[in-house]
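Each chain, written out:
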Amino acid sequence: MSDRRLAIFGGDKAVTEPNPDIFKWPIVTQEDEAAVLDVIRSGSMSDTAVTAEFEKEFAAWMGRTFAVAYCNGTESLRSAMWACGVGAGDEVICPSITYWASCTQALTLGAAVNFADVDADTLCIDPSDIEHRIGPRTKAIMVVHVYGRPCDMDPIMAVAEKHNVKVIEDVSHAHGALYKGRMVGSIGHVAAMSLMSGKSFAIGEAGIMVTNDPEVHKRCVAYGFYERTGNPSLGRVTPGDIDIGDVQSFAGIPLGGYKHRLNQTCSAMGRVQLKYYPERVAEIDRAMNRFWDLLEGVPGIKSTRPARDSGTTMGGWYCSAGLYRPQEIGGLPIARFCEAVAAEGMSTLSPGVNFPLHLHPIFHVADIFGQGAPTMVAFGQRDVRQGPGTLPVAESIPERAYFVPWFKQDCPETIAQYAAAFRKVAESADQLLEREPAGVG
Ligand SMILES: *Cc1c(COP(=O)(O)O)cnc(C)c1O
């Protein structure tokens, strides 16, 4: 008979061989090293030939006409917003549960962020909480395929088209994921994403924008790539000589005042990583589905993964989240649940995922431009600031989700041990509940 006593109370641990190697990422081989060394030895870190190849290959993989590589994901998203016409006094709709870099850049463009609630089962933007937020100054809807789970894009695109608003996909969590058979990042008007070291497509500090729209492409280049717009447009400073609506009138100096060029050591690694990405992601997909298959039907625990036959997939399962349903296990607080699972032999397990952004003071009182008024309203926007209680699902997420182990190798014995840790705690919640209130007062 196995010991059902929880490890937190001195029982045997469920995870006896944690096998840290299967969490290692990214996978770097001599091919990556040789490609990066080539760039360093030729002194071409700031050149663009390798980057141009990487962009061409990435665009082809995504099924898009254009790709532009960036020094990081934050800048690719800022530039995508500007290219979609986001400016002073405008609004961008964004889900409240995401990393800050999905939307904080809007403030530096003088725009406000109108946060939407999220879906309790997918953690992605709730498609039914978008349309009523669209106003005369709404320029873009930022959707985030959060923690690898593709957003429900069909209703989102329908609302956007009806109101003539652009959809920007933040693909930082979901490179290679499919929505109903289509690659995420190829569905909205433009997509931008991080490729930094912690992400599932990991090549250093890097980002990339993809689109089919030649105007968006031209504007992104004009905004932050002075070296790609031609020779400086000198001697054309008389009004009437230039067309200020044509971004190419400003050749040689970036319109954003930004320098967005990617270090070519990253582009070189990116080209190698791209070659192997589909097969490596397929392995992650097998491993993570194995983990969740073992937890199917366990009370208190649920995955955000889509149905197997839906054509929707989780890409590299970046920071995969587990949903917590305390009502199914006697109301056990999430912190106690996580503590008990961690004690079963995991290094850590913390409650919560990204915190709800709409409650952060930057979106309420920050005065970035020194105007004596919060930037969220300083450019004459409607006041779309939202305090506690306004986005109930997003505000419940710290109590309703946590990050699960992110397996990079499909190792059945190890994965079974980790799944057993979650199952054991969920099925023995009564042990924790019995002792929970003891000793106080
Ligand atoms: C990581 C991340 C970004 C920012 O990318 P950087 O490369 O770190 O600048 C943007 N959006 C989301 C959702 C992210 O997770």
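Procedures and definitions
- In every chain, residue numbers begin from 1 and rise along the written sequence.
- Per-residue local features of the predicted model are confined to residues with pLDDT of at least 70, and side-chain atom pairs are confined, for both listing and counting, to 80 or more; whole-chain, interface and lining totals are unaffected and use all residues.
- Each side-chain value is derived from all of the structure's non-hydrogen atoms; neither hydrogens nor water enter the calculation.
- The secondary structure listing takes helices from DSSP runs of H or I that are at least 4 residues long and strands from runs of E that are at least 2 residues long, numbered from the N terminus.
- Restricting the calculation to C-alpha atoms gives the radius of gyration, and the globule rule supplies 2.2 Å times the number of residues raised to the power 0.38.
- Between two residues, a contact is recorded if the distance between any of their heavy atoms is within 4.5 Å.
- Residues scored as positive are Lys and Arg, those scored as negative are Asp and Glu, and His as well as the terminal groups of each chain are ignored.
- The atoms used to mark charge sites are NZ of Lys, CZ of Arg, CG of Asp and CD of Glu.
- Where helices are involved, their axes are fitted lines through C-alpha atoms of the stretch in contact, as for all axes, and angles between N-to-C directions lie from 0 to 180°.
- Working definition: roughly parallel below 35 degrees, roughly antiparallel above 145 degrees, roughly perpendicular at 65 to 115 degrees, and oblique for all remaining angles.
- Left-handed describes a crossing whose near helix is turned anticlockwise from the far helix through less than a right angle; right-handed describes the clockwise counterpart.
- Any residue that is not Ala, Val, Leu, Ile, Met, Phe, Trp, Tyr, Cys, Pro, Asp, Glu, Lys or Arg is counted as polar, Gly included; the first ten are nonpolar and the last four charged.
- For two strands to be treated as a pair, DSSP must find no fewer than two bridges joining them.
- Think of it this way: a Phe, Tyr or Trp ring, Trp meaning its six-membered ring, pairs with another when their centres are within 6.5 Å, and the plane angle makes it stacked under 30 degrees, edge-to-face over 60, tilted otherwise.
- Exposure classes here rest on a 1.4 Å probe applied to the protein chains alone. A residue is buried below 20% of its type maximum, exposed above 50%, and partly exposed in between.
- We define a salt bridge as a contact between a side-chain nitrogen of Lys or Arg and a carboxyl oxygen of Asp or Glu at a distance within 4 Å.
- Only protein atoms enter the 1 Å grid, on which a cavity is a set of points fitting a 1.4 Å probe that cannot get out and a pocket is an open set with protein on both sides within 12 Å along at least 5 of 7 lines, lining residues being those with an atom within 4 Å of a point.
- Grid points are joined across faces, edges and corners, and a volume is the space filled by probe spheres set on the points.
- We call a residue near a given molecule or strand whenever any one of its heavy atoms falls within 4 Å of it.
- As used in this structure description, the phrase polar contact means that two N or O atoms lie within 3.5 Å; if the pair is within protein, one of them must be able to donate a hydrogen and the other to accept it, and residues adjacent in sequence are counted only when both atoms belong to side chains.
- All accessible-area figures derive from a Shrake-Rupley calculation using a 1.4 Å probe, and residue coverage is judged against the displayed protein chains alone.

Student: What am I meant to see in the overall build of the protein chain here?
Tutor: The number of helices and strands found in the protein chain is twelve helices and twelve strands. The C-alpha radius of gyration of the protein chain comes to 24 Å, within 12% of the 22 Å expected for a compact globule of 441 residues. When contacts within the protein chain are restricted to residue pairs at least 6 apart in sequence, long-range pairs at least 24 apart make up 73% of them. Averaging the locations of the 40 positively and 52 negatively charged side chains of the protein chain gives two centres separated by 1 Å.

Student: What exactly am I supposed to notice about the packing of helix α7 (residues 264-294) against helix α11 (residues 412-427) here?
Tutor: What describes two packed helices is the angle between their axes and the distance between those same axes. Relative orientation of the contacting elements α7 and α11 amounts to 40°, with a least axis distance of 9 Å. Looking at the two axes, α7 sits oblique to α11. Crossing angle aside, the handedness with which α7 passes α11 is right-handed. Seen from α7, the contacting residues are Ala287, Arg290, Phe291 and Leu294; seen from α11, they are Pro412, Ile415, Ala416, Tyr418, Ala419, Phe422 and Arg423. Residues of the contact of α7 with α11, tallied by class, amount to nine nonpolar, no polar and two charged.

Student: What is the right way to read the sheet that holds strand β3 (residues 112-116) from this model?
Tutor: Within a beta sheet, neighbouring strands are joined by backbone hydrogen bonds and run either parallel or antiparallel to one another. One open sheet holds the seven strands; their spatial order is β1-β9-β8-β5-β4-β2-β3, and the pairing between them is mixed. Across the chains shown, the open sheet's two edge strands, defined by having one partner strand only, are β1 (66-70) and β3. Looking at each pair of strands side by side, their axes are set apart by 20° on average, direction ignored. Against the sheet, helix α3 (residues 73-83) engages β1, β4 (138-144), β5 (166-170), β8 (190-194) and β9 (207-211), with an angle of about 160° to β8.

Student: Could you clarify how one ought to interpret the packing of aromatic side chains in this entry?
Tutor: Ring pairs (aromatic) are described by centroid distance and by the angle formed between their planes. For the coordinates displayed, the defined rule picks out 26 aromatic pairs. With 5.5 Å between their ring centres and 80° between their planes, Phe23 and Tyr418 make a pair best called edge-to-face. Separated by 395 residues along the polypeptide, Phe23 in the segment before α1 (30-41) and Tyr418 in helix α11 bring together distant segments of the chain. The class for Phe23 is partly exposed, based on a relative accessible area of 24%. For Tyr418, a relative accessible area of 4% puts it in the buried group.

Student: Got a minute to help me understand the pattern of salt bridges in this structure?
Tutor: Oppositely charged side chains may form a pair once their charged atoms are brought near each other. For the coordinates displayed, the defined rule picks out 26 salt bridges. Ionic pairing is found between Arg385 and Asp383, a salt bridge with its closest N-O pair at 2.9 Å. Classification of Asp383 as partly exposed rests on a relative accessible area of 48%. Between Arg423 and Glu427 there is a salt bridge; the shortest N-O distance is 2.9 Å. Placement of the pair is Arg423 and Glu427 together in helix α11, with a separation of four residues, close to one helical turn.

Student: Can you help me understand the layout of surface pockets in this one?
Tutor: Over the atoms rolls a probe the size of a water molecule, and in doing so it shows where empty space is left. The calculated volume of the largest pocket comes to roughly 310 Å³. Lining the largest pocket are 23 residues, with Tyr99, Ala101, Ser194, Met196 and Lys199 positioned closest to its centre. When the residues that make up the lining of the largest pocket are grouped by side-chain class, the tally is eleven nonpolar, nine polar and three charged.

Student: Sorry if this is basic, but what is going on with the site of the ligand here?
Tutor: Near the ligand you find 15 residues, and of these Thr74, Asp170, His173, Ser194 and Lys199 are the closest. With respect to the ligand, the side chain of His173 contributes an N or O atom lying 2.8 Å from an oxygen atom. Considering the ligand on its own, with 380 Å² of exposed area, one finds that the protein chains cover 93% of that surface. Of the residues that constitute the shell around the ligand, the class distribution is five nonpolar, eight polar and two charged.

Student: Looking at this model, I keep getting lost on the sheet that holds strand β10 (residues 301-303). Mind explaining?
Tutor: Taken in spatial order, the three strands make up an open sheet running β10-β11-β12, and their pairing is antiparallel. Looking at the sheet topology across the chains shown, the edges are occupied by β10 and β12 (401-403). Geometrically, the sheet is characterised by an average inter-axis angle of 35° between neighbouring strands, direction not taken into account. Both strand β11 (residues 321-324) and β12 contribute to a ladder of three bridges, which runs antiparallel. Paired with Leu323 across the strands is Ala401, a residue of β12.

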